[in-house]
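# Commentary on secondary and tertiary structure
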Amino acid sequence: MSLLSAKRLEKHYGHHVVLENLNFSVEQGEFVTLVGASGCGKTTFLKMLLGTEAISKGNLLLDGKPIPNEPGPDRGVVFQKYSVFPHLTVLGNVMIADELHSAKLLGKSFGTAKRHAIEKAQARIEEVGLSHALNKYPHELSGGMQQRLAIAQALMMRPRMLLLDEPFGALDPGIRQDMHELITRLWQEQQLTIFMITHDLKEAFELGTRLWVFDKTRHDPQAPEAYGATITYDLPISRDRPTADLTEALHQGGLKTHTQETLL
Amino acid sequence: MKRLINLAPSRGSRWLLGLLPFLLLAMVYLSLSNARLAENPNDRLLPTPATMASSFYHLATAENVRTGQIVLWTDTFASLERILIGVAISAFIGLIVGILNGGIPLIRAKLSPLVTVASLIPPMAILPILFIAFGTGEAAKIALIVIGVTPFLIRDLQGHALRLPDEQLIKAQTLGASSWQVLLRVLLPQLTPRLLNATSLALGSAWLFLIAAEAIAAQEGLGYRIFLVRRYLSMDVILPYVAWITLLAFLLDQILAWTSRLAFPWYHSGEGDKS
């Protein structure tokens, strides 16, 4: 059974159709990258996976069961901004996951449980290379370090899937390259299933094993809200193939969208 | 020549520039006072600093013959006790209701309109009701401060809770937090420094309510004393008392600011060091 599957999934607000006719199934361990023009519903789709947006029609199954309608520890998330808690240090931000689990009433551990949480958190922080900043607050960290912290925090719960909403969109190109290496390493080591929204097609090709292009297939100029976007291209990507070839192949194969210029 | 907005005084001259208006006001007062006293040495309206100092010193050291108490300290402790109890109760209620209103939509739907309406009632208008209900003792004065300050604190904290990015609440839930844990570990720590901030803003109105209540019915207190000696036109007592109240208010404000900076360094990270 696949990890996540959708059948005729649709999302609309009143008469405004945002997403329609989504059909897919995703296996454990896939790295799906989502691209598409701004406002085409990628983030809405991610919110449906998170459980903060309700499903209008069709079904969306996680492990064969309808996806819960609120966020939970089985789905980790990293946003572009505001992903970490400003009032906690690096250690506190990562520890809190364990503390929330072990101390239901206070949400804060003491004694042995605390030492245990610190050890676990330190291992996670080590993985993302922030061990030198354990006691720093997020405002003292650079953008890249904050995103590293957010990833470490999200991975504490060992989620079934990791949702990334343009996680590296605000970072410098050099830092971005480091983050690509980090996320690739974590994905391989921990056999994660990742969904990542990005505006950078190169990034989408480099990181993913599967690329989804969101776009509208029908467009009525009289009623621009009547039709929603869907997955127009569902491409398996091999990491071994050089990106340049792929882009070229796509051009020839005709990756044409209403918003082609923003993509390629 | 730089633009005006880019010209900043150096550290030392900033002190001097800040002192200048005070010196100017003092000089204006002294010249007016001198002019009046030259005409009539018994004038009571603008006493000399020496007269004020000796009156204040007398109030701060001499025991009352009948009760054995020193007037200034009795007044100060009575007023501080009232304002501190009042503000502490307000802050406590404000924090609890603010967090619940900000964090739980079902509670907000019930309480928010009530708080909005309550905050629009002029507290001074219901002072007679408080005197009738609680008598003219301490309870009525503390109740006036609580009624006057709490709605403001609730609204401020609720607003701040609603302005916290949704991402944080979602993130907490993906880490397995229950509703209770979100309130306790995400909202409470982020609203506490905001509470200190809002409380220091509310202290101004708290003093207003305190002095008004004391002026109407009290046996001691800073506001009571000022209104008592008004009958004898004792400006030599009123002016030092006003200065003393200002100093107390300033100290309370500074204590809150220091506490906030010490305990919540992350909250003040966004503030520039302009002053």
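All figures in this text were calculated on a predicted structure; none of them were measured in a lab.

Conventions used here
- Residues numbered from 1 in each chain as written.
- Chains lettered and ligands numbered in written order.
- Predicted model: local features only at pLDDT ≥ 70, side-chain atom pairs only at ≥ 80, totals over all residues.
- Helix = DSSP H or I, 4+ residues; strand = E, 2+ residues; numbered from the N terminus.
- Rg over C-alpha atoms; globule rule 2.2 N^0.38 Å.
- Buried ≥ 20, exposed ≤ 12 C-beta atoms within 10 Å, placed from the backbone.
- Contact = placed C-beta atoms within 7 Å.
- Nonpolar A, V, L, I, M, F, W, Y, C, P; charged D, E, K, R; others polar.
- Expected span 1.5 Å × (residues − 1).
- Bend = angle between axes of the 7 residues up to and from the residue.
- Domains from an automatic or database assignment.
- Core = buried A, V, L, I, M, F, W, Y, C linked by C-beta atoms within 7 Å.
- pLDDT = per-residue confidence, 0-100.
- Axes fitted to C-alpha atoms, helices over the stretch in contact; angles between N-to-C directions.
- Parallel < 35°, antiparallel > 145°, perpendicular 65-115°, else oblique.
- Left-handed = near helix turned anticlockwise from the far one by under 90°.
- Pairing = 2+ DSSP bridges.
- Right-handed = clockwise from strand over helix to strand, strands pointing away.

## Examining the overall build of chain B
Helix and strand content of chain B: ten helices and zero strands. Of the regular secondary structure in chain B, the N- to C-terminal order runs α-α-α-α-α-α-α-α-α-α. For 275 residues, the compact-globule formula gives about 19 Å, and the C-alpha radius of gyration of chain B, at 24 Å, lies well above that figure. Counting over 275 residues, chain B shows a buried share of 32%. In chain B, the share of contacts with a sequence separation of at least 24, taken over all contacts with a separation of at least 6, comes to 71%.

## A look at the overall build of chain A
For chain A, the helix and strand inventory stands at eight helices and ten strands. For chain A, the C-alpha radius of gyration of 19 Å lies close to 18 Å, the compact-globule estimate for 264 residues. By principal-axis analysis of the C-alpha atoms, chain A measures approximately 65 × 40 × 35 Å. The buried share among the 264 residues of chain A stands at 39%. Put simply, of all contacts in chain A between residues at least 6 apart along the chain, 68% involve residues at least 24 apart.

## Describing the environment of Phe134 of chain B
With respect to the element layout, Phe134 of chain B can be found in helix α5 (residues 127-134). If we ignore the near neighbours within four places in the chain, the residues touching Phe134 of chain B are Ala139, Ala140 and Ala143 of chain B.

## Quick notes on unusual backbone geometry
Residues and elements named next belong to chain A. One non-glycine residue with positive phi stands out, namely Arg158, at about 50°. By secondary structure assignment, the location of Arg158 is in the loop between α4 (143-155) and β7 (161-165). Here Arg158 falls in the exposed class, since 11 other C-beta atoms lie within 10 Å of it. Unusually for a residue other than glycine, Glu166 sits at a positive phi of about 45°.

## Side note on the interface of chain B and chain A
At the interface, 18 residues of chain B touch 25 residues of chain A. Where the side of chain B that touches chain A is concerned, the elements lending two or more residues are α7 (166-174) and α8 (179-216) of chain B. Partitioned by chemical class, the residues of the side of chain B that touches chain A number eight nonpolar, seven polar and three charged.

## Examining helix α2 (residues 90-102) of chain A
All names here are of chain A. Over its 13 residues, α2 extends 19 Å from the first C-alpha to the last, a length consistent with the 18 Å expected when each residue adds 1.5 Å. For α2, the principal kink sits at Ile96 and spans about 40°. Counting buried positions over the 13 residues of α2 gives eleven, a clear majority of the element. Inspection of α2 places Val90, Leu91, Gly92, Asn93, Val94, Met95, Ile96, Ala97, Asp98, Glu99 and Leu100 among the buried residues, and these make up the whole buried set.

## Let's talk about the domain arrangement of chain B
Residues and elements named next belong to chain B. Each assigned domain of chain B is listed with its residue range as follows: domain 1 (12-40 + 48-59) and domain 2 (62-268). Each of domain 1 and domain 2 has a C-alpha centre, and these two points are 32 Å apart. The residue inventory of the side of domain 1 that touches domain 2, partitioned by class, reads three nonpolar, three polar and no charged.

## Remarks on the nonpolar core
With 111 residues, the main nonpolar core has Val94, Ile194 and Phe195 of chain A together with Leu144, Ile145, Leu157 and Ala206 of chain B as its most contacted residues. The biggest single contributor to this core is α8 of chain B, with 14 residues. Not counting chain neighbours up to four residues away, the residues in contact with Val94 of chain A comprise Ala121, Arg124, Ile125, Ala152, Gln153 and Met156 of chain A.

## Quick notes on the confidence of the model for chain A
All names here are of chain A. Predicted confidence across chain A gives a mean pLDDT of 85, with 90% of residues reaching 70 or more. Ranking the helices and strands of chain A by mean pLDDT puts strand β8 (residues 194-197) first, with 93, and helix α8 (residues 260-263) last, with 45. Note on residues 256-264: pLDDT is under 50 here. Beyond four places in sequence and across chains, it has 14 contacts.

## Brief notes about the packing of α4 of chain A against helix α5 (residues 173-190) of chain A
Residue and element names in this part refer to chain A. Following both chains from N to C, one finds α4 and α5 inclined at 15°, their axes separated by 10 Å at the closest point. Overall, the two elements α4 and α5 adopt an arrangement that is roughly parallel. Crossing of α4 over α5 shows right-handed handedness. Note on element contacts: α5 touches α4 through Ile175, Asp178, Met179, Leu182 and Leu186, opposite Gly144, Gln147, Arg148 and Leu155. Class assignment for the residues of the contact of α4 with α5 results in five nonpolar, two polar and two charged.

## A short note on the pairing of β8 of chain A
Residue and element names in this part refer to chain A. Every second residue of β8 is oriented toward a common face, with Ile194 and Met196 on one face and Phe195 and Ile197 on the other, all of them buried. Pairing between strand β3 (residues 31-36) and β8: four bridges, direction parallel. Its bridge partner being in β8, Val32 is matched across the sheet by Phe195. Relative to β8, β7 runs parallel, the two sharing four bridges. If you follow Leu162 over to β8, its bridge partner there is Ile194. Following the chain from β7 across α5 to the adjacent parallel β8, one finds a crossover that is right-handed.

## Notes on the pairing of β3 of chain A
Within β3 of chain A, six of the six residues are buried, leaving the element largely enclosed by the surrounding structure. Alternating residues of β3 of chain A divide into Phe31, Thr33 and Val35 of chain A and Val32, Leu34 and Gly36 of chain A, and every residue in both groups is buried.

## Considering the environment of Arg210 of chain A
All names here are of chain A. With respect to the element layout, Arg210 can be found in strand β9 (residues 210-216). Residue Arg210 is classed as partly exposed on the basis of its C-beta count, with 18 C-beta atoms lying within 10 Å. For Arg210, the contacting residues outside a window of four places in its chain are Glu30, Phe31, Val32, Leu235, Pro236 and Ile237.

## Description of helix α1 (residues 42-50) of chain A
Along α1 of chain A, the residues classified as buried are Lys42, Phe45, Leu46, Met48 and Leu50 of chain A. One or two steps after α1 of chain A, the chain reaches Gly51 of chain A, where phi turns positive at roughly 100°.

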